[in-house]
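# Secondary and tertiary structure notes
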Amino acid sequence: MLNKDKEDVGQDRISIMVVEDNEYMLDILVNSLKRLGFTRAQKAKNGKEAVEYLKLTSKGFSAAVEPIDIVISDFIMSPVSGVHLLQWLRDDKQSPSRFMPFIMLSGAADRVNVEASRDHGVNDFMAK
């Protein structure tokens, strides 16, 4: 029989950044991740805030800045959208990892947005 303790699965070792401009949805997402055992969740209120944080992780700052393993981001945000955040992560020299897993979320999960995300290297696209 499989033991599904957090220690065996490793959720408590994975750091996730959730990027969402709607504070209510941001809290729902982070709380849902915590209930699933992902205790290391960072919040960013938009793509710009996420880029600023991720730049710090690529410079090897102190323990106050936790490296991120996975990004979960909303698609439609301002001033930096989820697809622009994804493009920065995949292409910029200051990106901490061009291959970091990236999950895009959107209430506007139409073909154009899904294809734009795919074309920029998203790992998965989920409809809200």
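Basis of the calculations
- Residues numbered from 1 in each chain as written.
- Predicted model: local features only at pLDDT ≥ 70, side-chain atom pairs only at ≥ 80, totals over all residues.
- Heavy atoms only, no water.
- Helix = DSSP H or I, 4+ residues; strand = E, 2+ residues; numbered from the N terminus.
- Buried < 20%, exposed > 50% of the residue type's maximum accessible area, 1.4 Å probe, protein only.
- Contact = heavy atoms within 4.5 Å.
- Expected span 1.5 Å × (residues − 1).
- Arc of directions from axis to C-beta.
- Polar contact = N/O pair within 3.5 Å; in protein donor to acceptor, adjacent residues only side chain to side chain.
- Salt bridge = Lys/Arg side-chain N within 4 Å of Asp/Glu carboxyl O.
- pLDDT = per-residue confidence, 0-100.

In this fold, Val 114 is placed in helix 5 (residues 111-119). For Val 114, a relative accessible area of 31% corresponds to the partly exposed category. With 39 residues separating them along the chain, Val 114 and Phe 75 place their C-alpha atoms 9.4 Å apart. Apart from residues lying up to four places away in sequence, Val 114 is in contact with Ala 109 and Phe 125.

Moving on, we get to helix 2 (residues 23-35). Relative to the 18 Å expected for 13 residues at 1.5 Å per residue, helix 2 spans 18 Å between its end C-alpha atoms, a close match to the ideal helical length. Residues of helix 2 that are buried: Leu 26, Val 30 and Leu 33. Looking straight down helix 2, one finds that the buried residues subtend no more than 60° of arc, so they occupy a single side. Away from its buried face, by an angle of more than 90 degrees, helix 2 presents the exposed residues Tyr 24 and Arg 35. Two or three places before Tyr 24, at the opening of helix 2, Asn 22 has a side-chain oxygen 3.0 Å from that residue's backbone nitrogen.

The tally for this structure, following the rule as stated, stands at 6 salt bridges. Lys 128 is paired through a salt bridge with Asp 74; the nearest N and O atoms lie 3.2 Å apart. Here Asp 74 lies in strand 3 (residues 70-74) and Lys 128 lies in the segment after strand 5 (124-127), a separation of 54 residues in the sequence. With a shortest N-O distance of 2.9 Å, Arg 111 and Glu 115 are connected by a salt bridge. Remark: Glu 115 and Arg 111 occur in helix 5; sequence separation between them is 4 residues, near one turn of the helix. Residue Arg 111 is classed as exposed on the basis of its relative accessible area of 65%. The class for Glu 115 is partly exposed, based on a relative accessible area of 29%. Connected through salt bridges with shared partners, the residues Glu 20, Asp 74 and Lys 128 form a single ionic network.

In this section: the confidence of the model for the protein chain. Detailed reading of predicted coordinates is not advised where the pLDDT is low. Of the residues in the protein chain, 90% reach a pLDDT of 70 or more, and the chain-wide mean stands at 90. In the model of the protein chain, helix 1 (residues 6-9) stands out as the element of lowest mean pLDDT, 52, in contrast to strand 3, which has the highest, 98.

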